[in-house]
Amino acid sequence: MADWDQIYQNEGPVQTKPSEQIIALVPLFQKEGVRRILDHGCGTGRHTKYLACQGFYVVGTDYSETALLYARELTSGMNNVELVQSGMDSIPYAARYFDATVSNHTIQHSAKEQRDGAFQEIERTLRPKGLLF
């Protein structure tokens, strides 16, 4: 598995623009009344910022403190963003807190046990009939 903290230390933000898939989700999120989104494995914050700019309250989590430093800089002054260091299998929020979760190119970077824990945590923190991408 890649050591993403080391990659961010060596290369800085390796991805800076939101993916087309995340951009395409916004109308669905708006239609479904999504307010709070978990950006699970947010990296340097490209999707966190984009979604926050669309009016959502976004919590970005990542295990890499280096990535979160970049994300904090990118989202500085935004009052609808929280950034939290945590492993993908440990989401420090209450059950059913999020209306939607995006985990873009994140979970596959882990071993089976951690993937299983990540899916359990996503399920625990996602409201009933919440959306997962």
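Residues numbered from 1 in each chain as written. Predicted model: local features only at pLDDT ≥ 70, side-chain atom pairs only at ≥ 80, totals over all residues. Heavy atoms only, no water.

**Let's talk about the pairing of strand β1 (residues 36–40)**
So, point 1. For β1, the buried fraction is high: four of the five residues fall into the buried class.
So, point 2. Two strands pair when backbone bridges link them, and β1 and strand β2 (residues 57–62) are joined in this way by five bridges, in the parallel orientation. When the bridges of β2 are listed, Asp39 appears paired with Gly60.
So, point 3. This β-α-β element, β1 to helix α3 (residues 46–53) to β2, shows right-handed connectivity.
So, point 4. Relative to strand β4 (residues 98–102), β1 is paired through three bridges, and the arrangement is parallel. (Buried < 20%, exposed > 50% of the residue type's maximum accessible area, 1.4 Å probe, protein only. Helix = DSSP H or I, 4+ residues; strand = E, 2+ residues; numbered from the N terminus. Pairing = 2+ DSSP bridges. Right-handed = clockwise from strand over helix to strand, strands pointing away.)

**A closer look at the sheet that holds β4**
So, point 1. Strand order in the open sheet formed by five strands is β3-β2-β1-β4-β5, with parallel pairing between adjacent strands. Edge positions in the open sheet fall to β3 (81–85) and β5 (126–132), since each of these has one partner strand only. In this sheet, neighbouring strand axes are inclined to one another by 25° on average, regardless of whether the strands run parallel or antiparallel.
So, point 2. Where β4 meets β5, three bridges bridge the pair, whose relative direction is parallel. For Ala100, the partnering residue across the bridge sits in β5 and is Leu131.
So, point 3. Along the sheet face, helix α4 (residues 65–74) touches β2 and β3 and points at about 165° away from the line of β3.
So, point 4. On the sheet, helix α5 (residues 112–125) packs against β1, β4 and β5 and is oriented at approximately 120° with respect to β5. (Axes fitted to C-alpha atoms, helices over the stretch in contact; angles between N-to-C directions. Contact = heavy atoms within 4.5 Å.)

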